[in-house]
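Coordinates in review
Each chain, written out:
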Amino acid sequence: MTDAQETAADSSLRTTGGAPPDDVETAPTPLLEPRDGIPPVIADEEALAEMIAAYAGGTGPVAVDAERASGYRYGQRAYLVQLRREGAGTALIDPVACPDLSGLGAAIGDAEWVLHAATQDLPCLREIGMVPSRIFDTELAGRLAGFPRVGLGAMVESVLGYVLEKGHSAVDWSTRPLPEPWLRYAALDVELLVDLRDALEKELDRQGKLEWAREEFDAIASAPPAPPRKDPWRRTSGMHKVRRRRQMAVVRELWTARDKVAQRRDVSPGKVLSDGAIVEAALGLPPNVHALAALPGFGHRMGRRQLEQWQAAVDRAKALPDADLPQPGQTVTGPPPPRSWADRDPAAAARLSAARAAISSLAEQLNMPQENLITPDTVRRVCWEPPARIDEASVSAVLASHGARAWQITQVTPALVTALA
């Protein structure tokens, strides 16, 4: 491959087209830069104030994106925020240097924010003071419109005819200074978001789904922050191997100790101690540091001080009285796992089977994923505890009580009434 071909292949954004005949020489696809070039990263209050004024004077929707350092740093904070608005251009902001962006959030708060997979970015944006009143989620719009692939690159290609290559999506965005190729990639992530939004709005309108999408967007924008997970240690990968309560206590103690270290060092917990190592220690219940060091995940690279730290956590779990050991499972507030329905309540199992078939058929007719038509959890809850009287009014009321949107209730109620009856 020539240098020119390598440059074209590495392009972050290039036009697509049919393959030329083999005997026709074609020029390599030119490298397309952001329309305004790569803007300097805003990292001080003076530059931020100028940018806020420019965006307050801009027009139309605001494309918004955020880059995190998942797998590298503790938590899900934003390490770069990208925006683009007509009349204001593209902006890249360092939220480490400018941790309070509430002024920016207020300046563009009344505008529609265009995000891709909004639920991923909104929590970290909220932490720095950016809270939208209206959004347009291009990923969710793609799901509702029936696109088979809804990643940003796939959507840009199928809708706008460009290839957006994801060369830097998994890098450590906490790196300073950020390399220029990363900044170029970040700027291009918001380059076409508003164009994509406009095209998807037309497609949703053509399919008669635009109001459905607006209901979904409103629900996301108005949703409160998610509450902290209860017993997050139970989500340790490989936890299904841990059967005994004493072993579960080891997982809990090691997970908690690891989390404190990771938070103090601001690194991903997995870089401190792997989930696999935690499970191995729980299953092995090592009596001392020497035995712990022999387990997978606690190899020769781990220092004596670290080993003693983890062994202390194991010892704390082993010393707990039986009354303080964790229970085998979390408290279940909803229906039991569907696999047990046939034995526990055959009628409920029959209702669920009929409902799933009806929802699947309806989703296929509407050309959208079943989980976007109605959540599987809602279907299970309605089938496990249906209303005493099965009719459209009662089923609609139950769906609404579980958080279903008006458009979802309208679409699925007739099918569920038939299935429940």
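Whatever comes next refers back to the structure up there.
Residues numbered from 1 in each chain as written. Predicted model: local features only at pLDDT ≥ 70, side-chain atom pairs only at ≥ 80, totals over all residues. Heavy atoms only, no water.

Here we look at the overall build of the protein chain
When you go through the protein chain residue by residue, the secondary structure sums to 20 helices and eight strands. Each principal axis of the C-alpha distribution contributes one length, and for the protein chain these read about 70 × 65 × 55 Å. When the 421 residues of the protein chain are sorted by exposure, 43% land in the buried category. In the protein chain, once contacts between residues fewer than 6 apart in sequence are set aside, the share between residues at least 24 apart is 66%. Entry remark: accessible area of the protein chain is about 21500 Å², with carbon and sulfur atoms responsible for 50%. Averaging the coordinates of the 47 positive side-chain charges in the protein chain and doing the same for the 56 negative ones gives two points 11 Å apart. (Helix = DSSP H or I, 4+ residues; strand = E, 2+ residues; numbered from the N terminus. Buried < 20%, exposed > 50% of the residue type's maximum accessible area, 1.4 Å probe, protein only. Contact = heavy atoms within 4.5 Å. Areas by Shrake-Rupley, 256 points an atom, 1.4 Å probe, with all protein chains shown as cover. Lys, Arg positive; Asp, Glu negative; His and termini not counted. Charge placed at Lys NZ, Arg CZ, Asp CG, Glu CD.)

A look at unusual backbone geometry
Going from Arg 176 to Pro 177, the amide bond is cis rather than trans, its omega being -5°. Turning to its location among the elements, Pro 177 is positioned in the loop between strand E8 (162-164) and helix H7 (180-191). For Ala 117, which is not glycine, the phi torsion reads 60° and is therefore positive. With respect to the helices and strands, Ala 117 occurs in the loop between strand E6 (112-115) and helix H4 (118-127). Overall, Ala 117 belongs to the buried group, its relative accessible area being 5%. One non-glycine residue, Asp 266, adopts positive backbone phi at about 55°. Mapped onto the fold, Asp 266 is located in the loop between helix H10 (245-265) and helix H11 (269-272).

Observations regarding the nonpolar core
In globular proteins that are soluble, nonpolar side chains generally tend to be buried together. Among the nonpolar cores identified, the biggest contains 78 residues, and Met 51, Leu 83, Ile 93, Leu 104 and Met 130 are the most heavily contacted of them. Look past the residues within four positions of Leu 104 in its chain and what remains in contact with it is Met 51, Ile 52, Tyr 55, Leu 83, Ile 93 and Met 130. With 31 residues, the next largest nonpolar core counts Val 261, Val 267, Met 302 and Trp 310 among its residues. (Core = buried A, V, L, I, M, F, W, Y, C linked by side-chain atoms within 4.5 Å.)

Points about the pairing of strand E7 (residues 134-137)
In terms of strand pairing, E6 meets E7 through four bridges, oriented parallel. Within E7, the position partnered with Leu 115 by the bridge is Asp 137. Note that the unit made of E6, H4 and E7 has a crossover that is right-handed. (Pairing = 2+ DSSP bridges. Right-handed = clockwise from strand over helix to strand, strands pointing away.)

Quick word on the packing of aromatic side chains
Scanning all chains against the criterion turns up five aromatic pairs. Judged by centre distance (4.8 Å) and plane angle (45°), the rings of Trp 341 and Trp 384 are tilted. Here Trp 341, found in helix H15 (residues 341-344), pairs with Trp 384, found in helix H18 (residues 376-384); they are 43 residues apart in sequence, far enough to count as distant. Residue Trp 341 is classed as buried on the basis of its relative accessible area of 0%. Note on Trp 384: relative accessible area 18%, which makes it buried. These aromatic residues form a ring-pair network of at least three members: Trp 173, Trp 182 and Tyr 185. (Phe/Tyr/Trp six-rings, centres within 6.5 Å; stacked < 30°, edge-to-face > 60°.)

A short note on the packing of H10 against helix H14 (residues 304-319)
Direction vectors running N to C along H10 and H14 enclose 140°, while the axes themselves pass 8 Å from each other. Here H10 and H14 pass one another in a crossing that is right-handed. Here H10 contributes Arg 246, Ala 249, Val 250, Glu 253, Leu 254, Ala 257, Arg 258 and Val 261 to the contact with H14, which in turn contributes Gln 309, Trp 310, Ala 313, Val 314, Arg 316, Ala 317, Lys 318 and Ala 319. (Axes fitted to C-alpha atoms, helices over the stretch in contact; angles between N-to-C directions. Left-handed = near helix turned anticlockwise from the far one by under 90°.)

Section: the environment of His 240
Within the fold, His 240 resides in the loop between helix H9 (210-222) and H10. Spatially, the C-alpha atoms of His 240 and Ala 47 are 51 Å apart, while their sequence positions differ by 193 residues.

A short note on the side chain of His 116
Checked against the element boundaries, His 116 lands in the loop between E6 and H4. Classification of His 116 by relative accessible area gives buried; the value is 14%. Here Thr 138 takes part through its side chain, which lies 2.7 Å from a polar atom of the side chain of His 116. Of the polar contacts made by the side chain of His 116, one reaches the backbone oxygen of Val 150; its length is 2.8 Å. (Polar contact = N/O pair within 3.5 Å; in protein donor to acceptor, adjacent residues only side chain to side chain.)

Digging into the layout of surface pockets
Within this model, the largest pocket holds a volume of roughly 870 Å³. What lines the largest pocket is a set of 23 residues, among which Gly 75, Gln 76, Arg 229, Pro 232 and Trp 255 lie closest to the centre. Secondary structure elements with two or more residues in the lining of the largest pocket: H4 and H10. When residues of the lining of the largest pocket are assigned to their parent elements, the largest contribution, four residues, is made by H4. Taken as a whole, the second largest pocket encloses approximately 550 Å³ of empty space. Contributing to the lining of the second largest pocket are 22 residues, with Ala 118, Thr 119, Asp 137, Leu 140 and Ile 220 lying nearest its centre. For the lining of the second largest pocket, the residue count by class is eleven nonpolar, four polar and seven charged. (1 Å grid on protein atoms, 1.4 Å probe; cavity = no way out; pocket = protein on both sides within 12 Å on 5 of 7 lines; lining within 4 Å. Points joined across faces, edges and corners; volume = space filled by probe spheres on them. Nonpolar A, V, L, I, M, F, W, Y, C, P; charged D, E, K, R; others polar.)

A word on the pairing of strand E5 (residues 89-93)
The side chains of a regular strand alternate between the sheet's two faces. The buried fraction of E5 is high, at five of five residues. Relative to E5, strand E2 (residues 41-42) runs parallel, the two sharing two bridges. Looking at the pairing, Ile 42 lines up with Ile 93 of E5. Pairing analysis gives five bridges linking strand E4 (residues 78-86) to E5, with the strands arranged antiparallel. Looking at E5, one finds that Arg 85 is bridged to Gly 89. In this structure, the hairpin formed by E4 and E5 is closed by a connection of two residues, where Gly 87 is found at a positive phi of approximately 90°.

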